[in-house]
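For reference, the chains in residue letters:
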Amino acid sequence: MKEHIYLDYAATTPVDNDVIAAALPYYNKIFYNPSSTHALGQQAATAVEVAREKCAKAINANSDEIYFTSGGTEAINWAMSTVRGGQKKHVVVSAIEHDAVLACAQSLENVGYIVDYAKSDRFGLITPNALEKVISNDTALVCVMTVNNIVGSIQPVSELVEIAHKHGALFFTDAVQAVNSVELDVKNSGVDMLAVSGHKFYAHKGVGFLYVKRGALLSPLILGGAQERGKRGGTVDVPSVVGLGVAIEKATRNRSRFSKHVKQVVDEFVTRIKYGYIVKCDNKTDDIVTLIVPKINGGRIAVALSCAGVCCSVGSACSAGSATPPKTLVEMGEEYADCAVRFSFGRDLTIDRVVRAADIVNDVISRFKAD
Ligand code: PLP
């Protein structure tokens, strides 16, 4: 079987060996229910609380502000549901959010909320000015992601939070793509809620958390037992949560090493690409690179690349298969938004592999051009 080069780390990452080792005993040795009050159950409960502390420390929060979820999508749904039933009926969402945020915004609209979209500039940035244009004192919630999943643009979160708070609105940030590259400090940025997903930083799929600032009102999204301090019913997935704690601790500790390595491999890849152009952002993470090859459909390039041995994507994995170009690129005013392929890079990639990948990309695109 052909060996593929995986350049789709923004879709998901492999589970780190330390994460597997930490999680392993909780599958069959300390497999107990953390809600059980007996001594064995409490061993599992202690492991969950240790993981909660690790997650809190990684974003400079308190442990009682961390609620474990089934991943980013649930955390987003939960955060955005907090406005329901409140007095204010206006919500601001950035125009370049992940589908999970956009779908929640749509569902708020369906029940009578007014949603306004803060526009992106040409470089994938939601500027303070763009937010000022749509926010008002009737705004209940502002949602702007920390790092965009298509182009990697880093948003000026602290400045945007200040504007939201000036208008009495809560601020929620989807930080799902941020953990590997960007320092997250909720006390410093002042965000009220923040969503994280484990499988983007070498933890398991199906686990993540929502940070909610102390004092902010949080109603349960999932009703049931008294887990997560009565806010989320359902038995906690102990092995995944234990792994999440180890993964976020490791990602935080190794962030600058990760960023340096990724920059090296990405620079090597990008300088070798002979065709098209890379989407530019003023301030971005290095691990996401979007290539545009005018007049050649991105979906067709991605399929041809997969056949030739390079796995990348057209947009987010969640909207794969959709015929529409990535919304982020459309919102950025990119003329050839439908001619984009996204390459994303991880810490186990070597220069050799990305050089081979760049050669394959050049080869595949040259064949399209010859047709
Ligand atoms: N938000 C962003 C920016 C993402 O990139 C993703 C996943 O691709 C999600 C949310 C959804 O996270 P999850 O897959 O954990 O539900």
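Residues numbered from 1 in each chain as written. Predicted model: local features only at pLDDT ≥ 70, side-chain atom pairs only at ≥ 80, totals over all residues. Heavy atoms only, no water.

**Observations concerning the pairing of strand β12 (residues 340–344)**
Taken across its five residues, β12 has five buried, putting it largely inside the fold. Across five bridges, the pairing between strand β10 (residues 288–292) and β12 is antiparallel. Bridge pairing in β12 links valine 289 to phenylalanine 343. (Buried < 20%, exposed > 50% of the residue type's maximum accessible area, 1.4 Å probe, protein only. Helix = DSSP H or I, 4+ residues; strand = E, 2+ residues; numbered from the N terminus. Pairing = 2+ DSSP bridges.)

**With respect to the site of the ligand**
The immediate surroundings of the ligand are formed by 14 residues, with Gly72, Thr73, Asp174, Ser197 and Lys200 found nearest. In the environment of the ligand, an oxygen atom lies 2.6 Å from a nitrogen or oxygen atom belonging to the side chain of lysine 200. Summarising the interface, the protein chains cover 91% of the accessible area of the ligand, which totals 390 Å² for the free molecule. (Near = heavy atom within 4 Å. Polar contact = N/O pair within 3.5 Å; in protein donor to acceptor, adjacent residues only side chain to side chain. Areas by Shrake-Rupley, 256 points an atom, 1.4 Å probe, with all protein chains shown as cover.)

**So, the environment of isoleucine 5**
The residue isoleucine 5 is located in strand β1 (residues 5–6) in this model. In contact with isoleucine 5, not counting residues within four places along its chain, are Gly309, Val310, Cys311, Arg353, Arg356 and Ala357. (Contact = heavy atoms within 4.5 Å.)

**So, the pairing of strand β3 (residues 90–94)**
Of all five residues making up β3, five are buried, and the element is well covered by its neighbours. Residues His90, Val92 and Ser94 point to one face of β3 and Val91 and Val93 to the other, with burial holding for every one of them. Taken together, the five bridges between β3 and strand β4 (residues 114–118) define a ladder with parallel strand orientation. In the strand pairing of β4, valine 92 is matched with aspartate 116.

**Section: the packing of helix α3 (residues 39–58) against helix α10 (residues 238–253)**
α10 packs onto α3 with a crossing angle of 30 degrees between their chain directions and a minimal axis gap of 8 Å. When the axes of α3 and α10 are compared, the pair comes out roughly parallel. Once α3 is placed against α10, the crossing between them reads as left-handed. For the pair α3 and α10, the contacting residues are Ala44, Ala47, Val48, Ala51, Lys54, Cys55 and Ala58 in the first and Val238, Val241, Val242, Leu244, Gly245, Val246, Ile248, Glu249 and Thr252 in the second. Classifying every residue of the contact of α3 with α10 by side-chain character gives twelve nonpolar, two polar and two charged. (Axes fitted to C-alpha atoms, helices over the stretch in contact; angles between N-to-C directions. Parallel < 35°, antiparallel > 145°, perpendicular 65-115°, else oblique. Left-handed = near helix turned anticlockwise from the far one by under 90°. Nonpolar A, V, L, I, M, F, W, Y, C, P; charged D, E, K, R; others polar.)

**So, the sheet that holds strand β9 (residues 277–278)**
Strand order in the open sheet formed by three strands is β9-β10-β12, and the pairing between neighbours is antiparallel. Every other strand in the sheet has two partners, leaving β9 and β12 as the edge strands with one partner each.

**As for helix α14 (residues 351–370)**
For α14, spanning 20 residues, the distance from its first C-alpha to its last is 29 Å, which sits close to the expected 28 Å at 1.5 Å a residue. Residues Arg353, Val354, Val355, Ala357, Ala358, Val361, Asn362, Val364, Ile365 and Phe368 constitute the buried set of α14. Of the surrounding secondary structure, the elements contacted by the buried residues of α14 are β1, α11 (255–272), β10, α12 (298–308), β11 (310–311) and β12. (Expected span 1.5 Å × (residues − 1).)

**With respect to unusual backbone geometry**
Here the phi dihedral of glutamate 228 falls at roughly 50 degrees; this positive angle occurs in a residue that is not glycine. Counting through the fold element by element, glutamate 228 comes out in helix α9 (residues 227–230). When its relative accessible area of 6% is taken as the criterion, glutamate 228 is described as buried. The phi dihedral of lysine 295 is positive, around 75 degrees, even though this residue is not glycine. Relative to the elements of secondary structure, lysine 295 occurs in the loop between β10 and α12.

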